[in-house]
Each structure stands twice: as structure tokens, then as C-alpha cells.
Amino acid sequence: MTASLDLTFTLNGDAKTARVAPNTLLIDFLREACQLRGTKRSCDMQICGACTVLVDDRPVSSCTTLAADIDGAVVTTIEGLGGPDGLDPVQQAFLDHNALQCGFCTPGFILSVKALLHANPAPSHEEIVEHLNGNLCRCTGYHKIIDAVESLVRP
Ligand code: FES
Ligand code: FES
């Protein structure tokens, strides 16, 4: 039996330590060990984007990432956005533009948009569409999601 791994990382702004099995997936670690259920599971194949979280400001599919890979990293889940003073601007833009219906895909979309705007604060329409092609939504038809992102680029 392989020994467990000790991790030190930052999760939603808080310093954390944890012990995990080497084969623990990040999505299971977040949803079960950390009880952060905003990270959604759907395809389990790095296709739908529902499980997207940020690791060092980059979007990763937590369904195909090992928890061991966050050692030393800064991790952000949807629970890390917004706070008592209000929603994160990306969350607010989605709300203002009716860019969600059932909401299942929304945490993954919002974190992907956070990563995009962190890397490129003024993406073109084409760059937004290209960046979000790894996030699938069965409800909105995408136009309102793109409108929400463009409102943050060109208010
Ligand atoms: S559940 Fe991870 S990409 Fe779909
Ligand atoms: S809002 Fe329902 S899947 Fe996107």
C-alpha cells in the first residue's frame, strides 16, 4: 500500500494542510474532504468544464487532476469568490445578464472567466468564445454568458 501524502496549500485564501492518498482526485478532495460542493461533477473526462477550479490562477479540470498536484499551490473554488460585501464582479455580471438557468455549469464558467480576465483583462469576442469552449451549458445557449463576460471587458 502506498503511503499517504502530506499537502500544504492555500484554499480560498486560507492556509491549509491535509493528508491524502496518492490517487485521490482533486474533485473528490474538494467535495468530500473539504465539503466544498460548488465544484460540480458531470463528465469525469475533462470535457464539460463543470468541475473547473483555479490552481495558481489557471483553470484546471478537478476531475482529472490529482489532489497531490495542489501541494504548494493556491486553489480557488467558487466558494472563494464574493463575500459579505457582495458578489465577485463575474458572479454579478452573470446575474445581471441572466447568464444562468439551472446553474449546474455556472461555477465552472465563472472560474474559467476569472482565469481569462486574470491572464487577459481585455479579451476580444473571439478570445472569450475560444477560452470558454471547454465549458458546456445545456441551458443558456451561451449568448448571455458571452454578454456577461463582454460587460466586464467593455462596461
Ligand atoms: S466533470 Fe470534469 S470536465 Fe466534466
Ligand atoms: S445553466 Fe444549466 S447547464 Fe448551464
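Residues numbered from 1 in each chain as written. Chains lettered and ligands numbered in written order. Predicted model: local features only at pLDDT ≥ 70, side-chain atom pairs only at ≥ 80, totals over all residues.

Here we look at the overall build of the protein chain
The criterion, for reference: To qualify as a helix, a DSSP run of H or I must reach at least 4 residues; to qualify as a strand, a run of E must reach at least 2; elements of each kind are numbered from the N terminus. When we talk radius of gyration, it's over C-alpha atoms, and the globule rule is simply 2.2 Å times the number of residues to the 0.38. Residues with at least 20 neighbouring C-beta atoms inside 10 Å of their own are called buried, those with 12 or fewer are called exposed, and the rest are partly exposed, where every C-beta is derived from the backbone. Whether two residues are in contact depends on their C-beta atoms, placed from the backbone: they are in contact if these lie within 7 Å.
When its secondary structure is counted, the protein chain shows five helices and five strands. Counting from the amino terminus, the protein chain carries its helices and strands in the arrangement β-β-α-β-β-β-α-α-α-α. In terms of C-alpha radius of gyration, the protein chain reaches 16 Å, essentially the compact-globule figure of 15 Å for 155 residues. By principal-axis analysis of the C-alpha atoms, the protein chain measures approximately 50 × 30 × 25 Å. With 155 residues in all, the protein chain has 35% of them scored as buried. Within the protein chain, contacts between residues at least 6 apart in sequence are counted, and of these 59% link residues at least 24 apart.

With respect to the sheet that holds strand β3 (residues 52-55)
Rules: Here, strands pair whenever DSSP counts at least two bridges between them. Axis geometry follows a simple rule: fit a line to the C-alpha atoms, using only the stretch in contact for helices, then measure angles between N-to-C directions, giving values from 0 to 180 degrees.
Pairing within the open sheet is mixed, and its five strands lie in the order β2-β1-β5-β3-β4. A single partner strand is all that each edge strand has here, and the edge strands are β2 (14-20) and β4 (58-61). Across this sheet, the average inter-strand angle for adjacent strands is 40°, counted without regard to direction. Together, β3, β4 and β5 (74-76) form the strand contacts of helix α3 (residues 106-119), whose direction differs from that of β3 by roughly 30°.

Concerning helix α5 (residues 143-153)
Along an α-helix, residues three or four apart share an orientation, since each turn contains 3.6 residues. The condition is simple: This arc is taken over the directions from the axis of the helix to the C-beta atoms.
Within α5, burial applies to Ile145, Ala148 and Val149. Considered in projection along α5, the buried side chains sweep an arc of 90° and stay on one side of the axis. On its buried side, α5 packs onto α2 (89-96), α3 and α4 (125-131).

Things to note about the domain arrangement of the protein chain
Much of the literature gives interface size as the accessible area that the parts lose upon coming together. For clarity, the cut-off: Segment limits for the domains were obtained from an automatic or database-derived domain assignment.
Split by domain assignment, the protein chain resolves into domain 1 (5-80) and domain 2 (89-153). Put simply, the middle of domain 1 and the middle of domain 2, counted by C-alpha atoms, are 21 Å apart. With 15 residues of domain 1 at the contact, the number on the domain 2 side is 13 residues. For the side of domain 1 that touches domain 2, the elements supplying multiple residues, two or more each, are β3 and β4. Looking at the side of domain 1 that touches domain 2, the element that brings in the most residues is β3, giving three residues.

Regarding the pairing of strand β1 (residues 5-11)
Relative to β2, β1 runs antiparallel, the two sharing seven bridges. Directly across from aspartate 6, in β2, lies its bridge partner arginine 19. Here β1 folds back onto β2, and the loop between the two strands holds two residues, one of which, asparagine 12, carries a positive phi near 50°.

With respect to the packing of α2 against α5
Applied cut-off: In these notes the angle categories are as follows: under 35 degrees is roughly parallel, over 145 is roughly antiparallel, 65 to 115 is roughly perpendicular, and the rest is oblique. Handedness of a helix crossing follows the sense of rotation of the near helix relative to the far helix, less than a right angle counterclockwise being left-handed and clockwise being right-handed. Residue classes follow a fixed rule: Ala, Val, Leu, Ile, Met, Phe, Trp, Tyr, Cys and Pro count as nonpolar, while Asp, Glu, Lys and Arg count as charged, and any other residue, Gly among them, counts as polar.
Relative orientation of the contacting elements α2 and α5 amounts to 130°, with a least axis distance of 8 Å. Considering their axes alone, α2 and α5 lie oblique with respect to each other. Note on packing geometry: the crossing formed by α2 with α5 is right-handed. The segment α2 lies against α5, with Pro89, Val90, Ala93 and Phe94 engaging Ala148, Ser151 and Leu152. In terms of residue class, the contact of α2 with α5 is made up of six nonpolar, one polar and no charged.

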